Amino acid sequence: MNATACFESLAAWLDTHADALDAQASRASDVLPQLVHGRVVGVGVPEALGGAGGTIADAIDTVAAVAEHSLTAAFVLWGHRTFIEYVLQSDNDAFDADILPRLLDGGIAGATGLSNAMKYLSNIEALQMHAARHADGFALSGGLPWITNLRREGFIAAAAFDHDDGSPPSIFAIPHDRSGVERSDDLDLIGLRASNTAALTVKSTVLDARHRITADARNWLVRVRPAFLGLQCGMSIGLARSALLATSQAGAASRESIRAETGALEATLAEQTLRLKQGVVDGTFFERPAALFELRIALVETVTRALSLEVQASGGRGYLRNQGGTARRVREASFIPIVTPSLVQLKAQLAQQRLASAA
Ligand SMILES: Cc1cc2nc3c(=O)[nH]c(=O)nc-3n(C[C@H](O)[C@H](O)[C@H](O)COP(=O)(O)OP(=O)(O)OC[C@H]3O[C@@H](n4cnc5c(N)ncnc54)[C@H](O)[C@@H]3O)c2cc1C
């Protein structure tokens, strides 16, 4: 099958199972294999490294395309593909290159536990994971309360650690099967339940330099943040698109009264999507992170308005379970403002910057 046919088959599977993926944690093991069969995991990864080629903008498009069908699957793809980006952007020549093929074929799930690190970068939170020198490398300890794609069949999770010797924080890739690594039961979420979201603790887990993604977390995080956030914004784009599509497919009478509003929002979304992909590819968001923060905030607003239009257009049917996806999308949309960097956090950061530049 070619890539288009593979994606169509994935989209059909997601359309059939989207409500179940949102509601049932028991479906979690199906998601990554489906994404791999749909050939979405390797988009934006060089062909020479076993990927499908293309750019990070293509990967953002892919997350959006999956989110049009299921936000649970798109969030799993975000975690997995973002972890792959960490591997691609690792500045450690000694980093274990054997991981990439296993990520691309879905043999292992990539998970990104970097909310804590992103908050650390914005001076909101101290690092919650700690590394101490050890004869065989580093002894790692600490815990993270939320990580998605902690697949029970096997995962590797990125997390940031401070060092007891005062050296700059590092980011390590923690394999699931190391001594001292413990995954909690799935968190009791209101939605996205098949996302393998759980807490992770590590207790005296020893890893060597082959597992260190970077020894300079702060600078490296600034460098990967456009891809991290850009891929995340793909979720907003896909969800807004599917809400607008559902709006345009509602009954003629309800559709007519909100036609102008729907058309204007479609145009806004198309412009935001273009601006996002351009800014990630041409370096604008590396130079001016505030422009990306503003776009992430604006996209949340677009999702909220799109869902409001869908709810208005679908009427009572939208309030029924398992009927056209409206109720699910409303639940999915409530996740968008809280994923790190959260809206509260970004608004606070932009306000601080404005104060600093006014002083
Ligand atoms: C379903 C789900 C899956 C998740 N998956 C992952 C994952 O894969 N990886 C991962 O790393 N995290 C993950 N998270 C965590 C998520 O990204 C957020 O970090 C978390 O939801 C933020 O909420 P909190 O309860 O920690 O915020 P709190 O610390 O309770 O703060 C509440 C709000 O205020 C903001 N805030 C707090 N302090 C400040 C401050 N000083 N200035 C400005 N704003 C502030 C926070 O950002 C948040 O919006 C997941 C969360 C959920 C719900």
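The shown structure was predicted, so the numbers you read here are calculated from the model rather than taken from an experiment. (Residues numbered from 1 in each chain as written. Predicted model: local features only at pLDDT ≥ 70, side-chain atom pairs only at ≥ 80, totals over all residues. Heavy atoms only, no water.)

**Some words on the site of the ligand**
Now for step 1: Residues in close proximity to the ligand total 20 residues, the closest being T112, S115, T148, T340 and S342.
Now for step 2: T112 is positioned with one of its backbone polar atoms (N or O) 2.7 Å from a nitrogen atom of the ligand.
Now for step 3: At 3.4 Å from a nitrogen atom of the ligand is found a main-chain nitrogen or oxygen belonging to W146.
Now for step 4: For the ligand, the accessible surface in isolation is 950 Å², of which the surrounding protein chains cover 69%.
Now for step 5: Mapped onto the shell around the ligand, the elements with two or more residues apiece are helix 6 (115-121), strand 3 (137-147) and helix 13 (343-358).
Now for step 6: The leading source of residues in the shell around the ligand is helix 13, at 3 residues.
Now for step 7: Per-class residue counts for the shell around the ligand are 11 nonpolar, 8 polar and 1 charged.
Now for step 8: Each of domain 2 (109-217) and domain 3 (219-358) accounts for three or more of the residues forming the shell around the ligand. (Near = heavy atom within 4 Å. Polar contact = N/O pair within 3.5 Å; in protein donor to acceptor, adjacent residues only side chain to side chain. Areas by Shrake-Rupley, 256 points an atom, 1.4 Å probe, with all protein chains shown as cover. Helix = DSSP H or I, 4+ residues; strand = E, 2+ residues; numbered from the N terminus. Nonpolar A, V, L, I, M, F, W, Y, C, P; charged D, E, K, R; others polar. Domains from an automatic or database assignment.)

**Some points on the side chain of S314**
Now for step 1: Mapped onto the secondary structure, S314 falls in helix 11 (residues 289-314).
Now for step 2: Within the structure, S314 has its side chain in polar contact with the backbone oxygen of E310 (distance 2.7 Å).

**Thoughts on the domain arrangement of the protein chain**
Now for step 1: Domain assignment breaks the protein chain into domain 1 (3-104), domain 2 (109-217) and domain 3 (219-358).
Now for step 2: Between the C-alpha centres of domain 1 and domain 3 there is a distance of 20 Å.
Now for step 3: Taken as a group, I60, L71 and W78 account for 26% of the area that domain 1 buries against domain 3, more than any other trio of residues on that side.
Now for step 4: In this structure, the connection of domain 1 to domain 3 is made through 4 salt bridges. (Buried area = accessible area lost by both parts, 1.4 Å probe. Salt bridge = Lys/Arg side-chain N within 4 Å of Asp/Glu carboxyl O.)

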